[in-house]
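Residue strings, one per chain:
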Amino acid sequence: MTPRLTSAMLVSSLIRLVDQAGGSATVLKKGNSGAGAILLYCSERGRFTSLQERVLTGTGCYLWQPIGPDATHPVNEIDAYLARRRERDGDLWLIELDIANAERFAAETIAID
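Residues numbered from 1 in each chain as written. Predicted model: local features only at pLDDT ≥ 70, side-chain atom pairs only at ≥ 80, totals over all residues. Heavy atoms only, no water.

K.L.:
Explanation requested: the pattern of salt bridges in the structure shown.
P.N.:
Oppositely charged side chains can pair when the atoms bearing their charge come close. Throughout the structure, instances matching the rule amount to two salt bridges. One salt bridge connects Arg85 with Glu53, and the closest N-O pair in it is separated by 2.8 Å. Of this pair, Arg85 sits in helix H2 (residues 75-88) while Glu53 is found in strand S3 (residues 47-56), placing the two residues 32 residues apart along the sequence. Note on accessibility: Arg85 and Glu53 belong to one class, buried. (Salt bridge = Lys/Arg side-chain N within 4 Å of Asp/Glu carboxyl O. Helix = DSSP H or I, 4+ residues; strand = E, 2+ residues; numbered from the N terminus. Buried < 20%, exposed > 50% of the residue type's maximum accessible area, 1.4 Å probe, protein only.)

K.L.:
In this structure, what is going on with helix H1 (residues 7-20)? I would like to understand it.
P.N.:
Along an α-helix, a turn takes 3.6 residues, which lines up residues three or four apart on a common side. With 14 residues, H1 ought to run about 20 Å at 1.5 Å a step, and its terminal C-alpha atoms sit 20 Å apart, in line with that. Looking only at H1, the buried set comprises Ser7, Leu10, Val11, Leu14 and Val18. The arc that holds every buried residue of H1, seen down its axis, measures 95°, which confines them to one face. In H1, the exposed positions angled more than 90 degrees off the buried face are occupied by Asp19 and Gln20. With its phi angle positive at about 90°, Gly22 sits one or two positions after the end of H1. (Expected span 1.5 Å × (residues − 1). Arc of directions from axis to C-beta.)

K.L.:
Sorry, what's going on with the pairing of S3 here?
P.N.:
On a regular strand, one side chain projects to one face of the sheet and the next to the other, so that they alternate. Strand direction decides the pairing type here: strand S2 (residues 38-44) and S3, joined by six bridges, are antiparallel. Directly across from Leu39, in S3, lies its bridge partner Glu53. The antiparallel pairing of S2 with S3 creates a hairpin that spans two residues between the two strands, and Arg45 there sits at a positive phi of about 55°. Of the pairings in the sheet, the one linking S3 to strand S4 (residues 62-67) comprises six bridges and is antiparallel in character. When the sheet's bridge partners are listed, Glu53 is paired in S4 with Gln65. What sits between the antiparallel neighbours S3 and S4 is a turn of five residues, in which Gly60 has the positive phi angle 90°. (Pairing = 2+ DSSP bridges.)

Here's what the structure looks like:
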């Protein structure tokens, strides 16, 4: 078995990288430090763009995948989705990234496999 970085380490790295690039990152919900799922609430200049989740692929690598309601949905639907996810998964990390093209930034700056 190949050792993997903990969720807490990945979140910490992502927050530092976003800060260095001039954006902001906030932990909205702290999950299990070892292996909690990571969900990104992506926004640009305060406007919600998408939700992304770190998922394991069939090849054993991780990638960010869009999930849940997108920016075309009303805010109350997005909030309800997040509430359901937090209810079902107490180990879930919820991180807000506010940076230009947050989805691409996360995918390109964090080696998550």
